[in-house]
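# Coordinates in review
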Amino acid sequence: MEEDTVKLISAEGFEFVIDKKAAMVSQTIRNMFTSPGNFSETRLGEVTFPEISTPILEKICQYFYWHLQFASGKESEFHIEPEITLELMMAANYLHT
């Protein structure tokens, strides 16, 4: 895998390969990749989230990219489907996003 991408793996084993810059929107993921030591996340460039389902992790990845656009001054609305709101909020809390 390229150094500028990371792999995020959902509870069901689905793999999302995203830009490292986008993943760093999450304080938790940033800490995993920048902490000193020889952690597997840093070595392999991947993180498994056994508590985050595939649809929620997909939405989180979408948010990471939306956040990068918003941070650069492009304003737009980030749509969240009502049926996933609670699960998404719990995952966002864990990821500090």
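As annotated in an unreviewed UniProt entry, the chain is Elongin-C from Spirodela intermedia. Annotation of the chain in UniProt includes, under Pathway (unreviewed entry), the sentence "Protein modification; protein ubiquitination."

To continue, consider the pattern of salt bridges. Counted according to the given criterion, the structure contains three salt bridges. Among the ionic pairs, glutamate 15 bridges to lysine 7, the shortest N-O distance being 3.4 Å. Between glutamate 46 and lysine 7 there is a salt bridge, and its shortest N-O distance comes to 3.8 Å. One end of the pair, glutamate 46, is in strand S3 (residues 46-48); the other, lysine 7, is in strand S1 (residues 5-9), and 39 residues separate them in sequence. On the accessibility criterion, glutamate 46 (24% relative accessible area) is partly exposed. Residues joined by salt bridges that share partners form a network here, namely Lys7, Glu15 and Glu46.

In the structure shown here, the tally under the stated rule is six aromatic pairs. Judged by centre distance (6.4 Å) and plane angle (85°), the rings of phenylalanine 49 and tyrosine 94 are edge-to-face. Of this pair, phenylalanine 49 sits in the loop between S3 and helix H4 (54-71) while tyrosine 94 sits in helix H5 (residues 85-95), and the two are 45 residues apart along the sequence. For phenylalanine 49, a relative accessible area of 3% corresponds to the buried category. Judged by its relative accessible area of 44%, tyrosine 94 falls in the partly exposed class. Ring centres of tyrosine 63 and phenylalanine 78 lie 5.4 Å apart, and the angle between their planes is 80°; on these two criteria the pair is classed as edge-to-face.

This next bit is on the UniProt feature "domain: SKP1 component POZ" (unreviewed entry) in the chain. Mapped onto this structure's residue numbering, the UniProt feature "domain: SKP1 component POZ" (unreviewed entry) falls at residues 5-68. This span, residues 5-68, is 50% helix and 20% strand, and a straight line between its end C-alpha atoms measures 15 Å.

Here we take up helix H2 (residues 27-34). For H2, the set of buried residues is Thr28, Ile29, Met32 and Phe33. The buried side chains of H2 occupy one side of the element, clustering within an arc of 125° when seen end-on. Residues of H2 that are buried sit in contact with S1, helix H1 (20-23), helix H3 (40-44), S3, H4 and H5. Where H2 starts, the residue carrying a side-chain oxygen 3.3 Å from the main-chain nitrogen of threonine 28 turns out to be serine 26.

Criteria and cut-off values
Residues numbered from 1 in each chain as written. Predicted model: local features only at pLDDT ≥ 70, side-chain atom pairs only at ≥ 80, totals over all residues. Heavy atoms only, no water. UniProt positions renumbered as here; feature names shortened; annotations may be inferred. Salt bridge = Lys/Arg side-chain N within 4 Å of Asp/Glu carboxyl O. Helix = DSSP H or I, 4+ residues; strand = E, 2+ residues; numbered from the N terminus. Buried < 20%, exposed > 50% of the residue type's maximum accessible area, 1.4 Å probe, protein only. Phe/Tyr/Trp six-rings, centres within 6.5 Å; stacked < 30°, edge-to-face > 60°. Arc of directions from axis to C-beta. Contact = heavy atoms within 4.5 Å. Polar contact = N/O pair within 3.5 Å; in protein donor to acceptor, adjacent residues only side chain to side chain.

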